[in-house]
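Letter by letter, the chains look like this.
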Amino acid sequence: MTKDQLLFHAVGYVLVAIFSVICIIPFVMVISSSFTSEHYIQTSGFTLFPADFSTEAYRFVFRNPLTIFRAYGVTLLVTAVGTALAVFLNTMTGYVLHRRDFKWRNYFSFYFFFTMLFNGGLVPWYILCIKYLDMKNQLFALFVPTLISVWNILLVKGFMMSVPHEITESAKMDGAGDFRIFVRLILPLSTPVVATIGLFTSLFYWNDWFASLIFISDPKLYTLQYLLYNLLASIESLRMVTAASGIVVDTFPTESIKMALTVIVTGPIILLYPFVQKYFVKGLTIGAVKG
């Protein structure tokens, strides 16, 4: 390795290290603040390390643990089932749209693309789901309406162009059907794009609270995000009421609760990144360029 290459690598590692530290600092500060007393946050602000250690925020959030764990269960179920179905449907649609022997592929591609730009709006969509599909207070309402993503379909279609069409032709000559070709041959070769859209979809379902807002009124079916949204709204309402009545509310752990809720919500889903990181960039770049 020459001196120029050594210097280039050294500068690159230093810049990446600095950028990594800058990215990590906010998350460390969130965790630290969730374990800091409300009084210290109110008087001294947020710190990188907890100066006045307190678990008051977590005790407040988990004062009714069954509700939190039930919301965790609903969110995990919706994320797992929704992601599996969405990845399967979107990859299968993208595969069909890239097949050269499908003569209607351009028309269907335009149809999907058109719906991405123009749609009927929120109100007709809501009436369709509630009145005709009976999705009110149904668990499947949290993931079925958003199973199909045109962006993911186009990404998969672009990636599939890098898969040789001769694989499909040779499998057909051996007597394999289209579904078997897709499941046994195409999907294993499409791991990067499957991991990429799987990460996108799982993040969407994990962070989604809007579906619960419009479809769910039964507290037992609340997702974690919507439950914590309601909790924050209740805290803010309580704060306004107590402030209007003249009660001192400085010791109420509002800021530390927000940080604790952030930790609770982001904890599990962040564990997905290490498993899909090596596929993420390849799947995204190949699909984007080819699309």
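Small disclaimer: the values here were computed from a predicted structure and weren't measured. (Residues numbered from 1 in each chain as written. Predicted model: local features only at pLDDT ≥ 70, side-chain atom pairs only at ≥ 80, totals over all residues. Heavy atoms only, no water.)

(A) Up close: the overall build of the protein chain. Of regular secondary structure, the protein chain possesses 14 helices and zero strands. Ordered by position from N to C terminus, the α and β elements of the protein chain give α-α-α-α-α-α-α-α-α-α-α-α-α-α. Here the protein chain, with 291 residues, has 34% of them falling under the buried criterion. In the protein chain, of all internal contacts separated by at least 6 residues, the share reaching a separation of at least 24 is 75%. Accessible surface computed for the protein chain: about 17,300 Å², of which carbon and sulfur atoms make up 70%. (Helix = DSSP H or I, 4+ residues; strand = E, 2+ residues; numbered from the N terminus. Buried < 20%, exposed > 50% of the residue type's maximum accessible area, 1.4 Å probe, protein only. Contact = heavy atoms within 4.5 Å. Areas by Shrake-Rupley, 256 points an atom, 1.4 Å probe, with all protein chains shown as cover.)

(B) Geometry of the nonpolar core. Within the largest apolar cluster, 34 residues are counted, with the highest numbers of intra-cluster contacts made by Ile68, Phe215, Leu224 and Leu228. Of all the secondary-structure elements, those providing two or more residues to this core are α3 (56–61), α4 (65–98), α10 (191–207), α11 (210–215), α12 (224–245) and α13 (254–269). For Phe215, the residues in contact, after removing those within four places along its chain, are Trp125, Tyr126, Cys129, Ile130, Met135, Lys136, Asn137, Ala141 and Pro145. Membership of the second largest hydrophobic core comes to 13 residues, among which are Leu155, Val156, Ile181 and Ile197. (Core = buried A, V, L, I, M, F, W, Y, C linked by side-chain atoms within 4.5 Å.)

(C) Representation of empty space enclosed by the protein in the model. Here the structure, examined in full by the defined rule, presents one cavity of 30 Å³ or more. Approximately 30 Å³ is the volume found for the largest cavity. The wall of the largest cavity is formed by Val78, Leu142, Tyr205, Asp208, Ala211, Ser212 and Thr223. (1 Å grid on protein atoms, 1.4 Å probe; cavity = no way out; pocket = protein on both sides within 12 Å on 5 of 7 lines; lining within 4 Å. Points joined across faces, edges and corners; volume = space filled by probe spheres on them.)

(D) Region of interest: the side chain of Thr93. Within the element layout of this structure, Thr93 appears in helix α4. On the basis of relative accessible area, Thr93 is assigned to the buried category, the value being 18%. Beyond its immediate chain neighbours, meaning those up to four positions away, Thr93 contacts Phe112 and Ile153.

(E) Looking closely at the pattern of salt bridges. As enumerated under the stated definition, the model contains four salt bridges in all. The salt bridge partner of Lys172 is Asp101, with a shortest N-O separation of 3.6 Å. Of this pair, Lys172 sits in helix α8 (residues 165–173) while Asp101 sits in the loop between α4 and α5 (105–117), placing them 71 residues apart in sequence. When its relative accessible area of 45% is taken as the criterion, Asp101 is described as partly exposed. A salt bridge links Lys172 to Asp178; its shortest N-O distance comes to 3.5 Å. Connected through salt bridges with shared partners, the residues Arg99, Asp101, Lys172 and Asp178 form a single ionic network. (Salt bridge = Lys/Arg side-chain N within 4 Å of Asp/Glu carboxyl O.)

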